[in-house]
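This is what each chain is made of:
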Amino acid sequence: MSWIVLVVSGLLEAVWATALGRSEGFQNVGPTIVFGVALVASMGGLAFAMRDLPVGTAYAVWVGIGAATTVAWAMATGAEPVSVVRVLLILGLIGCVIGLKVTH
């Protein structure tokens, strides 16, 4: 259960990071609310997962999922350029996250 919560929390990290960028310094109300809700849920899930998982592993997986998802979303929406190198680097990051899970 902790791993499932951790993965969902990592995805929520991408939600709050994207919303933070769209909030324009907390000037846009909608993205600011999404940021706050997703941030609290993401941190809460990370804290829950850390009850059963080592801190270093849980944090690295959480950040890795959030970073990979944030960049993938930005590329999918056209906010960031797509290149073979960028896709390979994201896949490498995902491979590292999977490796941490497998070695746990």
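Refer to the preceding data block for the structure.
Throughout, a residue's number is its position along its own chain's written sequence, starting from 1. Reporting of local features is limited, given that this is a predicted model, to residues whose pLDDT is at least 70; pairs of side-chain atoms are given and counted only at 80 or more, and all residues count toward the totals for whole chains, interfaces and linings. Values reported for side chains reflect all heavy atoms of the structure, with hydrogen atoms and water molecules removed beforehand.

1. Here's the deal with the overall build of the protein
The helix and strand inventory of the protein stands at 4 helices and 0 strands. Numbering goes from the N terminus for both helices and strands, where a helix is a DSSP run of H or I of at least four residues and a strand is a run of E of at least two. Along the protein, from the amino end to the carboxyl end, the secondary structure elements read α-α-α-α. The size measure is the radius of gyration over C-alpha atoms, and the globule rule it meets is 2.2 Å times the number of residues to the 0.38 power. Computed over its C-alpha atoms, the radius of gyration of the protein comes to 14 Å, within 12% of the 13 Å expected for a compact globule of 104 residues. Across its three principal axes, the protein shows a C-alpha extent of roughly 40 × 35 × 15 Å. Under the scheme applied here, a residue whose accessible area is under 20% of the maximum for its type counts as buried, over 50% as exposed, and between as partly exposed, the area being computed with a 1.4 Å probe on protein chains only. Considering the protein as a whole, with its 104 residues, one finds that 30% of them fall into the buried category. It only takes one pair of heavy atoms within 4.5 Å for two residues to be counted as in contact. Sequence-distant contacts, at least 24 apart, represent 62% of the contacts inside the protein between residues at least 6 apart.

2. What to know about the packing of helix H1 (residues 2-22) against helix H3 (residues 55-76)
Convention adopted: a line fitted to C-alpha atoms gives each axis, helices being fitted over their contacting stretch, and angles between N-to-C directions are expressed from 0 to 180 degrees. Look at H1 against H3: their axes get within 8 Å of each other, and the N-to-C directions meet at 45°. With respect to H3, the element H1 is oriented oblique. The two elements H1 and H3 cross, and the hand of that crossing is right-handed. Across the interface between the two elements, Trp3, Leu6, Val7, Ser9, Gly10, Leu11, Glu13, Ala14, Trp16, Ala17, Thr18 and Arg22 of H1 pack against Thr57, Ala58, Val61, Trp62, Val63, Ile65, Gly66, Thr69, Thr70 and Trp73 of H3. Looking at the contact of H1 with H3, its residues break down into 13 nonpolar, 7 polar and 2 charged. Here is the rule for angles: anything less than 35 degrees is roughly parallel, anything more than 145 is roughly antiparallel, 65 through 115 is roughly perpendicular, and the remaining ranges are oblique. Should the near helix be turned anticlockwise from the far one by less than a right angle, the crossing is termed left-handed; should it be turned clockwise, right-handed. Residue classes follow a fixed rule: Ala, Val, Leu, Ile, Met, Phe, Trp, Tyr, Cys and Pro count as nonpolar, while Asp, Glu, Lys and Arg count as charged, and any other residue, Gly among them, counts as polar.

3. Examining the packing of aromatic side chains
Pairing of aromatic side chains here covers Phe, Tyr and the six-membered ring of Trp, requires ring centres within 6.5 Å, and sorts the geometry by plane angle: under 30 degrees stacked, over 60 edge-to-face, intermediate tilted. Within the structure shown, the criterion is met by 3 aromatic pairs. Between the aromatic rings of Phe26 and Phe35, the centroid separation amounts to 5.5 Å while the plane-to-plane angle is 50°, which identifies the pairing as tilted. Given the relative accessible area of 13%, Phe35 is considered buried. Residues Tyr59 and Trp62 carry aromatic rings whose centres are separated by 5.8 Å and whose planes lie at 35° to one another, so their mutual orientation is tilted. Taken together, the positions of Tyr59 and Trp62, both in helix H3 and 3 residues apart, correspond to about one turn of that helix. An aromatic cluster of three or more residues is present, and its members are Trp16, Phe26 and Phe35.

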